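# Coordinates in review
Chain by chain, the residues run as shown.
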Amino acid sequence: MTVPTEAREPSGIPRNPGRTDLGLKATLLFPSREIVEQYYVPLIYTACRTCYSELQPEEIFRRATEGEVEPAKMQRLISNVIESGHGSTIEHVVFTFGISGVSRTLSHQLVRHRAGVAFDQQSQRYVTFKKAATMLPQTIAEAPPDVRERYEDQVEGSMALYSELVGAGIPGEDARFVFPNATRTNLVMTTNLRALIHMSGLRLCTMAQWEIRRLFQQIRHEIFAVSPFLGSFLAPKCVPLGYCDEMNNRDGHCPIRPHKDQVLGAWAEKAKAARAAGRELPVA
Ligand SMILES: Cc1cc2nc3c(=O)[nH]c(=O)nc-3n(C[C@H](O)[C@H](O)[C@H](O)COP(=O)(O)OP(=O)(O)OC[C@H]3O[C@@H](n4cnc5c(N)ncnc54)[C@H](O)[C@@H]3O)c2cc1C
């Protein structure tokens, strides 16, 4: 069998599996919609308002939770503060997700986030798997049959060897060395809102790997279900920035926002035209 060597596009938006069921799931375990509505927005508002008020935080919180402050007023202040980058105000609320059926390829990327986020992950030491589940990337599922077969044989071979090793008395913690990155896993992730916005900015970006992108699409969906207002802050990082800063998008193939090179180029042109007309624009 020969793996196709066809030249790949130098850059491009990684194929999105669209609505394909990847068998992975993000479920918001805590908080419920009622808790978010009653306490989360008031809590963030209290943190923001305390900065600008003579009132004590407990009084601000009481007024906010007892309906004495218009929800639209709370949202306006929170939006302004978030957009100004005063991120500590949104570290006071946390969200806990159950994440299941993701590949180890994904979990390795996910746990690279360090600030404001906690993880617990299914152990490959303490769980001795009867049949560990695996992920089949769509490109391989749609590849020529011999390519797909080769992949499946390899993965199934690893799983079979794992069982043989365990059967031969090798501890699970050592037998697991044969597991491929395709092996599925489960985690619990708790994150404050600031970290969640940051992670979503990176992982909803079209430069992110398809599986983790899908996970964060589900995470955004879960947050929207409890608060469309808070969910609206979960977006690719270029959306709040107004431009794309990814080097790999210098060719502008992702159209969500213009690349910063284009923005700076346009500004330089404008400055040149202004100078020719005898005016100086601020330096970009
Ligand atoms: C598209 C994409 C491709 C990637 N490719 C690679 C790759 O090829 N190889 C690779 O190794 N990784 C790669 N990564 C992972 C990436 O480098 C980060 O490790 C990961 O995204 C975690 O993000 P973060 O650094 O913002 O950390 P987080 O822990 O989410 O931190 C949030 C923010 O807190 C601050 N912060 C956190 N810790 C510190 C600290 N110790 N000191 C100072 N400030 C801190 C920073 O401002 C940071 O942005 C990739 C990520 C993406 C999204």
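The notes below deal with the structure included here. The numbers attached to residues start from 1 for each chain and follow its sequence in the written order. Whole-chain, interface and lining totals are the exception, using all residues; otherwise, since this is a predicted model, local features are given only for residues with pLDDT of at least 70 and side-chain atom pairs are given and counted only at 80 or more. Computation of side-chain values: all heavy atoms of the structure, hydrogens and water removed.

Further remarks concern helix α12 (residues 260–276). Here a helix means four or more residues in a row that DSSP labels H or I, a strand means two or more in a row labelled E, and each is numbered from the N terminus. An expected span of 1.5 Å times one less than the residue number is assigned to each helix. In a regular helix each residue adds 1.5 Å, so 17 residues correspond to 24 Å; α12 covers 24 Å between its end C-alpha atoms and thus fits that length. Note on α12: the residue one or two positions beyond its end, Gly278, has a positive phi of about 85°.

Any two side chains of opposite charge can pair if their charged atoms end up close together. Salt bridge criterion: a side-chain nitrogen from Lys or Arg within 4 Å of a carboxyl oxygen from Asp or Glu. Per the stated rule, a full pass over the model turns up twelve salt bridges. Its salt-bridge partner being Arg62, residue Glu59 comes within 3.0 Å of it at the nearest N-O pair. Separated by three residues within a single helix, Glu59 and Arg62 lie in helix α2 (residues 57–65), roughly one turn from each other. We classify Glu59 as partly exposed; its relative accessible area is 23%. Between Arg148 and Glu152 there is a salt bridge, with the nearest N and O atoms lying 3.0 Å from each other. Taken together, the residues Arg148 and Glu152, both in helix α6 (residues 145–167) and four residues apart, mark about one turn of the helix. Burial classes follow relative accessibility: with a 1.4 Å probe on protein chains only, a residue under 20% of its type's maximum area counts as buried, one over 50% as exposed, and anything between as partly exposed. Taking the relative accessible area as the measure of exposure, Arg148 reaches 29% and is therefore partly exposed. Note on Glu152: relative accessible area 25%, which makes it partly exposed. Beyond isolated ion pairs, a larger network of salt bridges with shared partners links Glu59, Arg62, Arg63, Glu66 and Glu68.

The contact between helix α1 (residues 33–50) and helix α3 (residues 71–83) brings their axes to 9 Å, and the two run at 60°. Here α1 lies oblique to α3, going by the angle between them. The crossing of α1 and α3 is left-handed. Facing Val41, Pro42, Ile44, Tyr45, Cys48 and Arg49 of α1, the residues of α3 in contact are Lys73, Met74, Leu77, Ile78 and Val81. The residue inventory of the contact of α1 with α3, partitioned by class, reads nine nonpolar, no polar and two charged. Only C-alpha atoms enter the line fits that serve as axes; for helices the fit covers just the stretch in contact. Angles between N-to-C directions range over 0 to 180 degrees. Geometric relationships in this document are graded by angle, where less than 35 degrees denotes roughly parallel, more than 145 denotes roughly antiparallel, 65 to 115 denotes roughly perpendicular, and other angles denote oblique. Crossing handedness is read from the near helix: turned anticlockwise from the far helix by less than a right angle, it gives a left-handed crossing, and turned clockwise, a right-handed one. Whether two residues touch is decided by their heavy atoms; if any such pair falls within 4.5 Å, the residues are in contact. Following the grouping adopted for this structure description, the nonpolar residues are Ala, Val, Leu, Ile, Met, Phe, Trp, Tyr, Cys and Pro, the charged ones are Asp, Glu, Lys and Arg, and the polar ones are all others, Gly among them.

Our focus in this paragraph is the packing of aromatic side chains. The relation between two aromatic rings is expressed through the spacing of the ring centres and the mutual angle of the planes. Ring pairs are drawn from Phe, Tyr and Trp, using the six-membered ring of Trp, whenever the two centres fall within 6.5 Å, and their geometry is named by plane angle: stacked under 30 degrees, edge-to-face over 60, tilted for the rest. Throughout the structure, instances matching the rule amount to six aromatic pairs. Look at Phe229 and Phe233: their rings are 5.4 Å apart centre to centre, the planes differ by 85°, and that puts the pair in the edge-to-face class. Of the two residues examined, Phe229 and Phe233, each falls in the buried class. Through pairs of rings, three or more aromatic residues link up here, namely Phe129, Tyr162 and Phe179.

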